[in-house]
Amino acid sequence: MTEKIGETGALCPECLKTIKAEKIVEDDDVYIVKTCPDHGTWKVKIWSGAEQYKYLYEFAAVPKTPEKYAIPQMKVCPEDCGLCDKHLQHSCLNVVEVTNRCNLNCPICFATANGCGYDFHPDIETIKGMFQTVVDYVKSPRCVQISGGEPTIRDDLPEIVKLAKEMGIEHIEVNTNAVRIANDMEYLKALKEAGVDDFYFQFDGTDDEIYMQTRGKPMFEIKERAIKNCSEVGIGITLVVTVSPEINLNHVGEIIKFAASKVPTVKGVHFQPIAHFGRYPQEPTDENRVLLPQLASEIEKQTKGMLKADNFIPTSCSNVHCDLKSLSIVLPDGSLFPLTTMALGPPTKTDNVADKTRTEVSQLWKYIEDTMDGEDASRDTDDNSWKTFVSRAKTHYLTVSAMAFQDVWTGETERWERCCIHVVTLDGKLIPFCLFNTTAKDGTTMYRRKTFCR
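Q: Tell me about the pairing of strand 10 (residues 266–273), residues and numbers included.
A: Counted residue by residue, strand 10 has eight buried out of eight residues, so it is predominantly covered. Taken together, the seven bridges between strand 9 (residues 236–243) and strand 10 define a ladder with parallel strand orientation. If you follow Thr242 over to strand 10, its bridge partner there is Gln272. A crossover links strand 9 with its parallel partner strand 10, the connecting element being helix 8 (residues 252–261), and its sense is right-handed.

Dropping the structure here:
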């Protein structure tokens, strides 16, 4: 039996033409079905568990639309993005790419770094203009992720970070593969002094067999050394895991265990099921994907119930089917005490979720200065007192989250319109991250090349 549960817009994987789509339920799975008049029909599974999919709509925040639009009158979504007047959520995180060069050549890369056919390595004045777009379009607190390529190949990255802070960007996160910060302590100290708040730290597992498949070389020792260096200088880390069913889905519990052992330097684990844009191993089938309910179920299984699927809730800032998050206290024995649960139901007031999310992102890492002093012995004891628990909760916490980025097969207007993570372009626009990186089957980009290849 097939049940139609919605209509939305989509893209043709062959030509990137905007087409209509339906969302249907079959055998308790949710699918998006779309037809291009020139290239045929696609049916792709996007969720497992139809009742949960429907229920999550109750967590949706009241739209908090942008205060300014680069595209005052949208013609066709998603072809007129920037943000347009139909966009339903303002920015929580802005991605500023400072290079498409990289010191690795990973088999999996959303940006096709070192292989996209053009060189993007802007000068300081160009980057200043991108920061100005954030200042002009995003109200405080402003959170920027400096990305690439690999940003740390730039010797002037500390200068770039300092510039951003001077322009009024409160929180700076650097997206990195950790190679340079593992090997160059003086450079890491310069980034800290310039104002880097944390690292968005690529980390696919604790086994080099995984890295051979995802990054093309053994990397675990480099990751461990970089974490140690960050601990010494006092910069927090989120471990960012590209999850593939064939490579490391069976390793997610071990990654969480490792992260908990590295608290307080490691503040979170962020799982990103592989999205098929940029460079990836093969054209995807449903079996090549990891859906958010499947990921949550695997985490529960592999942590032996220490972190349950029920502990994950949507942020309510982006579309409720885009992400899940949990927050736990790490106890002295390394176990997790979850503080989030679906059992509490949807929030009663969600009209300011986007503002809260931005504030939380900018403030969460402020604890890092206190966590590096090593002077509070009480938080490492286990005397079962409430005072000790609260003391530990201020520093020894771990977020475990996930975001299912959309590619050309899974993308839909309903989710693009609620995106709160935007890439800053050279022409002064903010493009939803998934759209910016979307590529057709032949590698043709939706936005990346036309906005960065100038």
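Q: Go over the side chain of Lys23 with me, naming the residues and quoting the values.
A: With respect to the element layout, Lys23 can be found in strand 2 (residues 18–26). Overall, Lys23 belongs to the buried group, its relative accessible area being 2%. For Lys23, the side chain forms a polar contact with the side chain of Tyr57, separated by 3.3 Å. In contact with Lys23, not counting residues within four places along its chain, are Glu3, Lys4, Ile5, Gly6, Tyr31, Ile46, Tyr53, Tyr57, Glu412 and Glu414.

Q: With reference to specific residues and values, describe the sheet that holds strand 2.
A: Taken in spatial order, the four strands line up as 1-2-3-4 in an open sheet, and their pairing is antiparallel. At either margin of the open sheet sits one strand with a lone partner, and together these are strand 1 (2–11) and strand 4 (40–48). Neighbour-to-neighbour, the strand axes of this sheet turn through a mean angle of 25 degrees, independent of strand direction. Alignment of strand 2 against strand 3 (residues 29–36), held across six bridges, turns out to be antiparallel. Its bridge partner lying in strand 3, Val25 is registered against Val30.

Q: Give a detailed account of the packing of aromatic side chains, specifying residues and quantitative values.
A: Using the criterion set out here, one finds nine aromatic pairs in the structure. An angle of 15 degrees between the planes, with centres 5.1 Å apart, marks the rings of Phe203 and Phe258 as stacked. Of this pair, Phe203 sits in the loop between strand 8 (198–202) and helix 6 (208–214) while Phe258 sits in helix 8, placing them 55 residues apart in sequence. Using a relative accessible area of 0% as the deciding quantity, one classes Phe203 as buried. Centroid distance Phe405 to Phe433: 4.8 Å. Interplanar angle 40 degrees. Geometry classified as tilted. Of this pair, Phe405 sits in the loop between strand 13 (397–403) and helix 13 (413–416) while Phe433 sits in helix 14 (residues 433–437); the two residues are 28 residues apart in sequence, bridging distant segments of the chain.

Q: Kindly report on the nonpolar core, identifying the contributing residues and their values.
A: Counting residues in hydrophobic clusters, the biggest one holds 124 residues, and the most contacted among them are Phe131, Phe199, Phe271 and Leu398. Residues in contact with Phe199, not counting those within four places in the same chain, are Glu173, Val174, Thr176, Ile181, Leu188, Leu191, Cys230, Ile235, Gly236, Ile237 and Thr238.

Q: Requested: an account of the environment of Cys230, with residues and values cited.
A: For Cys230, the position within the fold is in helix 7 (residues 220–233). Residue Cys230 is classed as buried on the basis of its relative accessible area of 0%. Separated by 32 residues in the primary sequence, Cys230 and Asp198 have C-alpha atoms spaced 9.2 Å apart. In this structure, Cys230 is in contact with Ile181, Leu188, Phe199, Ile235, Ile237 and Thr265, ignoring residues within four places of it in sequence.

Q: Can you tell me about the pattern of salt bridges, naming the residues and giving the values?
A: According to the stated counting rule, one finds 23 salt bridges in the structure shown. Across the salt bridge formed by Asp38 and Lys17, the nearest N and O atoms sit 2.7 Å from each other. In this pair, Asp38 sits in the loop between strand 3 and strand 4 while Lys17 sits in the loop between strand 1 and strand 2, placing the two residues 21 residues apart along the sequence. The exposure class assigned to Asp38 is exposed, which follows from its relative accessible area of 52%. We classify Lys17 as partly exposed; its relative accessible area is 32%. Notably, a salt bridge pairs Glu414 with Lys23, separated by 3.0 Å at the nearest N-O pair. Of the two residues, Glu414 sits in helix 13 while Lys23 sits in strand 2, which places them 391 residues apart along the sequence. Linked by salt bridges that have partners in common, Glu3, Glu51 and Lys54 make up one network.

Conventions we followed
- Residues numbered from 1 in each chain as written.
- Predicted model: local features only at pLDDT ≥ 70, side-chain atom pairs only at ≥ 80, totals over all residues.
- Heavy atoms only, no water.
- Buried < 20%, exposed > 50% of the residue type's maximum accessible area, 1.4 Å probe, protein only.
- Helix = DSSP H or I, 4+ residues; strand = E, 2+ residues; numbered from the N terminus.
- Pairing = 2+ DSSP bridges.
- Right-handed = clockwise from strand over helix to strand, strands pointing away.
- Polar contact = N/O pair within 3.5 Å; in protein donor to acceptor, adjacent residues only side chain to side chain.
- Contact = heavy atoms within 4.5 Å.
- Axes fitted to C-alpha atoms, helices over the stretch in contact; angles between N-to-C directions.
- Phe/Tyr/Trp six-rings, centres within 6.5 Å; stacked < 30°, edge-to-face > 60°.
- Core = buried A, V, L, I, M, F, W, Y, C linked by side-chain atoms within 4.5 Å.
- Salt bridge = Lys/Arg side-chain N within 4 Å of Asp/Glu carboxyl O.

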